[in-house]
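Results of the structural survey
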Amino acid sequence: MTKLIATRDVYGETLAEIGAVNKNIVVLDADLSSSTKTNIFAKKFPERFFNMGVSEADMMGTAAGLAAGGKIPFASTFAIFASGRAWEQIRQSIAYPKLNVKIVATHGGITVGEDGASHQAIEDIALMRAIPNMTVVVPCDGVETKSVIHEIIKYNGPVYVRVARGKFPVVMPEDYKFTLGKGSVVRDGKDAAIIANGLMVSHALEAAEMLAKEGLSIRVVNMSTIKPIDRDIIIKAAKETGAILTCEEHSIIGGLGEAVATVAAEEYPVQVKRLGIQDRFGQSGLAEELLVHYALMPKDIAEAVKEAVKKK
Amino acid sequence: MVKPDIEQLKKWARQLRLDVLMMLNKAKSGHTGGSLSAADIIAALYFYKMRHNPKETKWPDRDRFVLSKGHAAPIQYAALARCGYFSPKELTTLRRFGTILQGHPDMKCTPGIEVCTGSLGQGLSMANGIALALRLDKKSSRVYALMGDGEQEEGQVWEAAMSAAHYKLDNICAFVDFNGFQIDGAVTDIMNIEPLSQKWKAFGWHVLMIDGHDMGQIVKALDDAETIKGQPTMVIARTVKGKGVSIFEGKYQYHGVPPSDDELKRSLEELGISADGWPERVI
Ligand SMILES: Cc1ncc(C[n+]2csc(CCOP(=O)(O)OP(=O)(O)O)c2C)c(N)n1
């Protein structure tokens, strides 16, 4: 059995662990600490935790000020409110001066489920990617999330990390170490490459397994850093496989798919197909039902890969 | 003015509470505390004060209601169903894939919903816009809005507070469901909003303070608000989160947690209501 872990749980635990060692870390939340799991840090270090109430814009501005004052603020809320409600505060007060604020947004994508469209961020990566100075990361599982939180502290500057509500399969080995700006090949193959992030990495691996039975050798790349994007791994995949499928729990506009397609188009044009939310809003339903409805299941990925291979 | 039948309104509030408990238990997710605290206000609006026509949802002369604290959607859905906007059977589909009753109010899916809410702090601005449009069209319709006390922490609420007063929107009557709790705890602990009535007064609103579970006081506030000219009215309604069921009352831990089967059973016992025949049968 694959282990299932919620990346937000790992975030909360890791933050509390690091907080014990690094006294410069301060944490802000906007009345969602029980959901974002910053409440673990809050319990251990109440004097370094600031609940700002339901005021995301104020939270981001305050985080900017704390960073200007030499602290390392982590600001958390749901992805839609972090990236949407406080976008211009992030752009102006955090990213423009390149302040050292770590925004860890939980409940990204449609796997938020029953709450529906108002709570399902499908544009957050696009919004954050467009801001100069911003680094954008979407870890694929619990193991990677832990490493991501450790690594982004070593980097001095604004980072947006998207984690998820649901429990997802662990795909990375226990000893895996995340490197900011680097993708990783999690399965090698020659006929096509799936470049994915978040939950879609495990779905891509399943798809590759299905396709192997049909005689296709599929490479799977975990592209956890979307910005700055790992150009080399994309060019290599283009050269060696000749067809790329991107897959993300995000709109096909402005996310991983566009980032990868741009690199391929500029450096080594091959067939690129983008799987994601096809420019539509989410809706209520169970996470699994929505993944089926929005065609983000392993079988959908396998179909799309076959199409891409056909067009080579 | 029609004379309110207070006893009948109380009965409706009980019905809406039953509906909320049943819906949330069936949906296995959703917001219990803030739906129950608003039950009496919602009953007074839909079954007494608002001019509306469930058979003609876009009737130009209707009064409008904006649920700014959109997570309390179940209580509004219950009222809409009981008024006849759609079959009460729909209540069993709350939050399910393909439902007309989305997790948060959605004007594209649900008859009787005026705007899309769910992101806190945005409702009053939209209510202001609706009120301005009504004024331009020389309509006497009124606009009602319901916000949470935690929601008062959003900056946009105060931007909207300013503009409603600036534009002298006396066709607006807004409520704060002052139940004292938000998600992470008591409002006074998380981010204090007091002195709330002074804030709204300072922003140019006519402010009324009532007990949000006293049907007589709610009805009177609604009637009084209509007589106020030249400024919008804010009704700060003292409520109890989870009102009606002791397991949930005053417990922020039940903000976004639905009643389990056992909790539902105990809730119905406490309310003295049978769920037989739900959702078709009206108690
Ligand atoms: C902009 C925004 N931020 C955060 C949330 C998540 N959220 C949903 S309900 C809630 C607390 C609301 O508290 P309150 O307004 O007091 O509602 P009530 O107690 O009446 O349910 C929060 C933070 C949201 N829906 N919208």
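Residues numbered from 1 in each chain as written. Chains lettered and ligands numbered in written order. Predicted model: local features only at pLDDT ≥ 70, side-chain atom pairs only at ≥ 80, totals over all residues. Heavy atoms only, no water.

**Notes on the overall build of chain A**
What counts, and what does not: Secondary structure counts use DSSP, requiring at least four H or I residues in a row for a helix and at least two E residues in a row for a strand, with both numbered from the N terminus. Here the radius of gyration uses the C-alpha set of atoms, whereas the globule reference equals 2.2 Å times the residue count to the power 0.38. Burial classes follow relative accessibility: with a 1.4 Å probe on protein chains only, a residue under 20% of its type's maximum area counts as buried, one over 50% as exposed, and anything between as partly exposed. Whether two residues touch is decided by their heavy atoms; if any such pair falls within 4.5 Å, the residues are in contact. Here the positive residues are Lys and Arg and the negative ones are Asp and Glu; neither His nor the chain ends is included. By convention, charge coordinates are those of NZ in Lys, CZ in Arg, CG in Asp, or CD in Glu.
Counting secondary structure elements, chain A contains 13 helices and 14 strands. What you see for chain A is a C-alpha radius of gyration of 19 Å, in line with the 20 Å of a compact globule of 312 residues. Expressed as lengths along the three principal axes of its C-alpha atoms, the size of chain A is roughly 60 × 40 × 35 Å. Burial analysis of chain A (312 residues in total) assigns 62% to the buried set. A sequence separation of at least 24 residues applies to 79% of the contacts in chain A between residues at least 6 apart. The distance from the centre of the 36 positive side-chain charges to the centre of the 37 negative ones in chain A is 4 Å.

**Things to note about the overall build of chain B**
To keep it simple, the criterion reads: Computed by Shrake-Rupley with a 1.4 Å probe, the accessible areas treat only the displayed protein chains as cover when residues are assessed.
Across its full length, chain B holds 10 helices and five strands. Here the C-alpha coordinates of chain B stretch approximately 50 × 45 × 35 Å along the principal axes. Taken across its 283 residues, chain B has 59% of its residues classed as buried. Expressed as a percentage of contacts within chain B between residues at least 6 apart in sequence, the contacts between residues at least 24 apart total 77%. Entry remark: accessible area of chain B is about 10900 Å², with carbon and sulfur atoms responsible for 54%. Side-chain charges in chain B split into 35 positive and 34 negative, and the spacing between the mean points of these groups amounts to 4 Å.

**With respect to the site of the ligand**
Defined as follows: The nearness test applies per residue and asks whether one of its heavy atoms lies within 4 Å of the molecule or strand. Polar contact criterion, stated in full: a pair of N or O atoms within 3.5 Å, where within protein one must be able to donate a hydrogen and the other to accept it, and residues adjacent in sequence count only if both atoms are side-chain atoms.
Looking at the ligand, there are 24 residues lining it, with A:Glu56, B:Lys69, B:His71, B:Asp149 and B:Lys241 nearest. In this structure, the ligand sits where chains A and B come together, each supplying nearby residues. In this structure, a nitrogen atom belonging to the ligand sits 2.9 Å away from a main-chain N or O atom of B:Leu120. Within the backbone of B:Glu151, one N or O atom sits 2.9 Å away from an oxygen atom of the ligand.

**So, the pattern of salt bridges**
Stated precisely, the cut-off is as follows: By definition, a salt bridge exists where a carboxyl oxygen of Asp or Glu is found within 4 Å of a side-chain nitrogen of Lys or Arg.
Taken as a whole and assessed by the stated rule, the structure comprises 32 salt bridges over all chains. In this structure, A:Glu214 and A:Lys306 form a salt bridge, with 3.0 Å as the shortest nitrogen-oxygen distance. Here A:Lys306 lies in helix α13 (residues 298-310) and A:Glu214 lies in the loop between α9 (200-213) and β11 (218-222), a separation of 92 residues in the sequence. Residue classification places A:Lys306 among the partly exposed residues on the basis of a relative accessible area of 26%. A salt bridge links B:Asp223 to B:Lys49; the shortest N-O distance between them is 2.7 Å. Remark: B:Lys49 occurs in helix α3 (residues 39-49) and B:Asp223 occurs in helix α9 (residues 215-227); sequence separation between them is 174 residues.

**What to know about the domain arrangement of chain A**
Residue and element names in this part refer to chain A. The test is simple: Each domain span listed reflects an automatic or database assignment of domains. When two parts are put together, the accessible area they lose, computed with a 1.4 Å probe and summed over both, is reported as buried area.
Once the domains are mapped, chain A shows domain 1 (4-169) and domain 2 (184-310). Distance between the C-alpha centres of domain 1 and domain 2: 25 Å. Summing the contributions of domain 1 and of domain 2, the shared interface buries around 2300 Å²; its carbon and sulfur component is 58%. Of all residues in domain 1, Ile-110, Ile-122 and Arg-129 give up the largest surface area on contact with domain 2, accounting jointly for 30% of the area buried on that side. Run the count over domain 1 and domain 2 and you get zero salt bridges. The interface formed by domain 1 and domain 2 holds 18 residue pairs in polar contact (both at pLDDT 80 or more) in total.

**Side note on the pairing of strand β4 (residues 72-78) of chain A**
Residue and element names in this part refer to chain A. Rule in force here: Following DSSP output, two strands are said to pair if at least two bridges run between them.
Among the seven residues in β4, seven count as buried, and that is most of the element. Judged from the five bridges that link them, strand β2 (residues 25-29) and β4 form a sheet pairing that is parallel. The partner of Val-26 across the bridge, within β4, is Pro-73. Summarising the sheet, β4 and strand β5 (residues 102-106) pair through five bridges and their orientation is parallel. The residue bridging Thr-77 from the neighbouring strand is Ala-105, located in β5.

**Focus on α9(B)**
Residues and elements named next belong to chain B. Worth spelling out the cut-off: The span one expects for a helix is its residue count, reduced by one, times 1.5 Å.
Look at α9: 19 Å from first C-alpha to last across 13 residues, which is about the 18 Å you get at 1.5 Å a residue. Taken as a whole, α9 has its buried residues at Met-215, Ile-218, Val-219, Ala-221, Leu-222, Asp-223 and Ala-225. Buried residues along α9 sit in contact with α1 (6-27), α3, β2 (143-148), β3 (172-178), β4 (206-211) and β5 (233-238).

**A few points about the sheet that holds strand β14 (residues 271-277) of chain A**
Residue and element names in this part refer to chain A. Note the cut-off: Helix axes are fitted only over the stretch in contact, all axes being lines through C-alpha atoms; the angle between N-to-C directions runs from 0 to 180 degrees.
With mixed pairing, the five strands of this open sheet are ordered in space as β9-β11-β10-β13-β14. In this open sheet, the two strands that pair with only one neighbour each are β9 (184-187) and β14. Neighbour-to-neighbour, the strand axes of the sheet open up by a mean angle of 25 degrees, direction not taken into account. As paired strands, strand β10 (residues 192-196) and strand β13 (residues 243-251) are joined by four bridges and run parallel to one another. Residue pairing across strands places Ala-193 opposite Ile-244, the latter belonging to β13. Along the sheet, α13 makes contact with β10, β11, β13 and β14, crossing β14 at roughly 160 degrees.

**Considerations on the packing of helix α4 (residues 56-68) of chain A against helix α6 (residues 87-95) of chain A**
All names here are of chain A. Short version of the rule: Just so you know how the angles are binned, under 35 degrees is roughly parallel, over 145 roughly antiparallel, 65 to 115 roughly perpendicular, and the rest oblique. Here the nonpolar group is Ala, Val, Leu, Ile, Met, Phe, Trp, Tyr, Cys and Pro; Asp, Glu, Lys and Arg are the charged ones; every other residue, Gly included, is treated as polar.
The interhelical angle for the contact between α4 and α6, taken along N-to-C directions, is 10 degrees, at an axis separation of 9 Å. In this view, α4 runs roughly parallel relative to α6, as classed from their interaxial angle. On α6, the residues touching Ala-57, Met-60 and Ala-64 of α4 are Gln-89, Ile-90, Ser-93 and Ile-94. The residue inventory of the contact of α4 with α6, partitioned by class, reads five nonpolar, two polar and no charged.

**Observations concerning helix α6 (residues 155-166) of chain B**
Residues and elements named next belong to chain B. Test applied: Read the arc as the range of directions from the helix axis to the C-beta atoms.
An ideal rise of 1.5 Å per residue puts 16 Å on 12 residues; α6 measures up with 17 Å between its terminal C-alpha atoms. Within α6, the full set of buried residues consists of Val-157, Trp-158, Ala-160, Ala-161, Ala-164 and Ala-165. Across the axial projection of α6, the buried residues extend over an arc of 160 degrees, all falling on one side. Away from its buried face by more than 90 degrees, α6 exposes Glu-159 and His-166. The elements touched by buried residues of α6 are α5 (123-136), β2 and α8 (196-202). Taken from the residues just after α6, Lys-168 is the one with a positive phi, measuring 50 degrees.

**Considering the interface of chain B and chain A**
Listed per partner, the contact involves 24 residues of chain B and 22 residues of chain A. Interface of chain B and chain A: buried area, both sides summed, is about 1800 Å²; carbon and sulfur atoms make up 44% of it. For the pair chain B and chain A, the number of links is two salt bridges. Of the charged contacts, one joins A:Asp115 and B:Arg95 as a salt bridge, the two residues approaching to 2.7 Å between their closest N and O atoms. Taken together, chain B and chain A are joined by 18 residue pairs in polar contact (both at pLDDT 80 or more). Of the residues that constitute the side of chain B that touches chain A, the class distribution is five nonpolar, 14 polar and five charged.

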